[in-house]
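Residue-level structural notes
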Amino acid sequence: METEKIRIKPGEKYKIFFTKNNPNNQTIHIRSIIDDDQVVYRKISKEEQSLSYHIGSVYFFELLQAGGVIKKAG
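Here we summarise the structure given alongside this text. Keep in mind that this is a model prediction, so the values were computed, not measured.

1. A few points about the sheet that holds strand β3 (residues 38–44)
Two strands in a sheet stick together by hydrogen bonds in their backbones, pointing the same way (parallel) or opposite ways (antiparallel). Strand order across the open sheet formed by 5 strands is β4-β3-β2-β1-β5, with antiparallel pairing between neighbours. Bordering the open sheet on either side are β4 (51–57) and β5 (70–72), each of which pairs with just one other strand. Here the average twist between neighbouring strands, direction ignored, is 35°. As paired strands, strand β2 (residues 26–34) and β3 are joined by 7 bridges and run antiparallel to one another. Within the sheet, the bridge partner assigned to I30 lies in β3 and is Y41. The strands touched by helix α1 (residues 58–66) within the sheet are β1 (13–16), β2, β3, β4 and β5, with β4 carrying the most contacts at an inclination of about 90°.

If you want it as structure tokens, here you go:
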């Protein structure tokens, strides 16, 4: 059974959740898509005290989706 792919869009928020208490769990805010293959995103800290911007491949987000660890934040 194939799941529907998430279309990453600027302005949307996503939750990345691996396991309970995993330090890699995070909420991210998509800021921009560059050349259809790079995603600029901001990690949202629980304390909202620091901004942390990152660039990742669209392929990275496809792998997260294939692993079932990324969901749209509500």
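Next, the rest of the story.
2. So, unusual backbone geometry
The backbone of N21 sits at a positive phi, close to 65°, despite the residue not being glycine. The class of N21 is exposed, set by a relative accessible area of 70%. Positive phi outside glycine occurs at D36, with the angle close to 60°. Summarising the element assignment, D36 is placed in the loop between β2 and β3. The class of D36 is exposed, set by a relative accessible area of 71%.

3. As for the packing of aromatic side chains
All chains considered together, the criterion is met by 2 aromatic pairs. Ring centres 5.6 Å apart and planes at 90° place the aromatic pair Y41 and F61 in the edge-to-face group. Of the two residues, Y41 is situated in strand β3 and F61 in helix α1; the sequence distance between them amounts to 20 residues. In this structure, Y41 and F61 share a single accessibility class: buried. Seen from their ring centres, F60 and F61 are 5.3 Å apart, and the 75° between their planes marks the pair as edge-to-face. When its relative accessible area of 37% is taken as the criterion, F60 is described as partly exposed. According to the relative accessible area criterion, F61 is buried, its value standing at 3%. Among the aromatic side chains, those forming a connected cluster through ring pairs are Y41, F60 and F61.

Rules and cut-offs
- Residues numbered from 1 in each chain as written.
- Predicted model: local features only at pLDDT ≥ 70, side-chain atom pairs only at ≥ 80, totals over all residues.
- Heavy atoms only, no water.
- Pairing = 2+ DSSP bridges.
- Helix = DSSP H or I, 4+ residues; strand = E, 2+ residues; numbered from the N terminus.
- Axes fitted to C-alpha atoms, helices over the stretch in contact; angles between N-to-C directions.
- Contact = heavy atoms within 4.5 Å.
- Buried < 20%, exposed > 50% of the residue type's maximum accessible area, 1.4 Å probe, protein only.
- Phe/Tyr/Trp six-rings, centres within 6.5 Å; stacked < 30°, edge-to-face > 60°.

Any link to function would need more than the numbers given here.
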